[in-house]
Each structure stands twice: as structure tokens, then as C-alpha cells.
Amino acid sequence: MLKHYEISGTDFANAGEASSDFKLMLKKLGVPGNIIRKISIAMYEAEINTVIHGHGGICDAEILPDRVVITFKDNGPGIADVSRAMQEGYSTASDQIRQLGFGAGMGLPNIKKYTDEMIIDSAEGKGTMLILTINLQ
């Protein structure tokens, strides 16, 4: 089962709708609560990063028999230094974004913490693709 979401790069009021919608679907399918929690946190963090840093993009969330695979592709400038971006507290968010309550530098570290596998394909000037895998066991 595949769900496709378009994520706006300017719409903070609706940021998080994809992860909320997918969470409801997982509940209806009877996925255990602890697994839903992991998926929801990782997906929300990636969705917010897509809005803030990626200038929007897409999310494809696929439920397979043994795992969930969520792919985000954004339209942003890419991540210049992925290892630095993985450090807790490191953020390139603007002051305006921080005033909205985002940009604490915990997005990528939280995604890594709540997934069984996280692949980042990014480089300056080419956008970012995140592939998140969460096992359903």
C-alpha cells in the first residue's frame, strides 16, 4: 500500500498533515502503537524539514508486509555537510523559523533515533532525498 503526499514549502499551518494522515491509516490497519509512534515521529520530523529547508517536495509512504518505507524528496539547496547536520543542536534554520518554534537542530538526529534505517542522499545544489525504514516487528 502506497500513500503519496505533496508537501508545500511555505505552508506551516498544514505542516504535519501527511504524518497525521499516515498515522491514522496505520491505526486502522492495526499496527502496534509503539511502531506507530516511531513512524509518526520520524515522518513528522522529515516532513517539517521538507517544509523548512527543502522548500517543499514529496513524500511516498509504503506499507510492506514487514516494514514501512518512507521516502522524502525535496526541492531545496541540499545539505552541505551531512555529518555536521546529524549533530544534535546543529541547525541552519533562520531566525524567522526559530521564532515559529522550529530549528532546534534535532530533526535528523530524531529521525535516525526512531528509524531502523535512514539513508540520506544530498549534496549542495541538488536537494535532498531521505529514505526511512521502520520494521513492523
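First, a word on what this report is: a plain description of the structure on this page. (Residues numbered from 1 in each chain as written. Predicted model: local features only at pLDDT ≥ 70, side-chain atom pairs only at ≥ 80, totals over all residues. Heavy atoms only, no water.)

1. A closer look at the environment of Glu45
What counts, and what does not: The way it works is that DSSP assigns letters per residue, a run of H or I at least four long becomes a helix, a run of E at least two long becomes a strand, and they are numbered from the N terminus.
As for its position among the elements, Glu45 is in helix α2 (residues 33–52). Separated by 31 residues in sequence, Glu45 and Gly76 place their C-alpha atoms 16 Å apart.

2. Concerning the nonpolar core
Put simply, the test is: Remark: nonpolar core denotes a set of buried residues (Ala, Val, Leu, Ile, Met, Phe, Trp, Tyr, Cys) joined through side-chain atoms within 4.5 Å. Residue burial is assigned from relative accessible area. The probe radius is 1.4 Å, only protein chains are included, and a residue is buried under 20% of its type maximum, exposed over 50%, and partly exposed in between. Residue contacts are defined here by distance: any two heavy atoms, one from each residue, within 4.5 Å place the two residues in contact.
Counting 34 residues, the largest nonpolar core has Phe22, Met43, Ile70, Phe72 and Leu132 as the members making the most contacts within it. Mapped onto this core, the elements with two or more residues apiece are β1 (2–8), α1 (17–28), α2, β2 (56–63), β3 (67–74), α5 (107–114) and β5 (128–135). Apart from residues lying up to four places away in sequence, Phe22 is in contact with Lys3, Tyr5, Ile39, Met43, Ala61, Ile63, Val68 and Ile70.

3. Some words on α2
Applicable threshold: To estimate the expected span of a helix, count its residues, drop one, and scale the result by 1.5 Å.
An ideal rise of 1.5 Å per residue puts 28 Å on 20 residues; α2 measures up with 28 Å between its terminal C-alpha atoms. Burial of α2 is extensive: 14 of the 20 residues sit out of reach of the surface.

4. Notes on the packing of α1 against α2
The line we're drawing: All axes are obtained by fitting lines to C-alpha atoms, using only the stretch in contact for helices, and the reported angles, taken between N-to-C directions, cover 0 to 180 degrees. What sets the label is the angle itself: under 35 degrees gives roughly parallel, over 145 gives roughly antiparallel, 65 to 115 gives roughly perpendicular, and the rest give oblique. Here is the rule for handedness: rotate from the far helix to the near one, and if that takes an anticlockwise turn smaller than a right angle the crossing is left-handed, while a clockwise turn gives right-handed. Residues were grouped as follows: Ala, Val, Leu, Ile, Met, Phe, Trp, Tyr, Cys and Pro as nonpolar; Asp, Glu, Lys and Arg as charged; and all remaining residues, including Gly, as polar.
Where α1 contacts α2, the two axes come as close as 8 Å, and the packing angle between them is 165°. Comparing their axes, α2 and α1 come out roughly antiparallel. Read as a crossing pair, α1 and α2 show a hand that is right-handed. Facing α1, whose interface residues are Glu17, Ala18, Ser19, Phe22, Lys23, Leu26 and Lys27, α2 presents Ile36, Ile39, Ser40, Met43, Tyr44 and Glu47. Residues that form the contact of α1 with α2 fall into these classes: 7 nonpolar, 2 polar and 4 charged.

5. Description of the pattern of salt bridges
Note that side chains of opposite charge can pair when their charged atoms are close. Note the threshold: A carboxyl oxygen of Asp or Glu within 4 Å of a side-chain nitrogen of Lys or Arg is what we treat as a salt bridge.
Going through the model one piece at a time under the given rule, you end up with 4 salt bridges. A salt bridge links Asp116 to Lys38; the shortest N-O distance between them is 3.7 Å. Here Asp116 is found in the loop between α5 and β4 (117–122), whereas its partner Lys38 is found in helix α2, with 78 residues between them in sequence. Residue Asp116 is classed as partly exposed on the basis of its relative accessible area, which comes to 40%. Taking the shortest distance from any N to any O, the salt bridge between Asp66 and Arg67 comes out at 2.7 Å.

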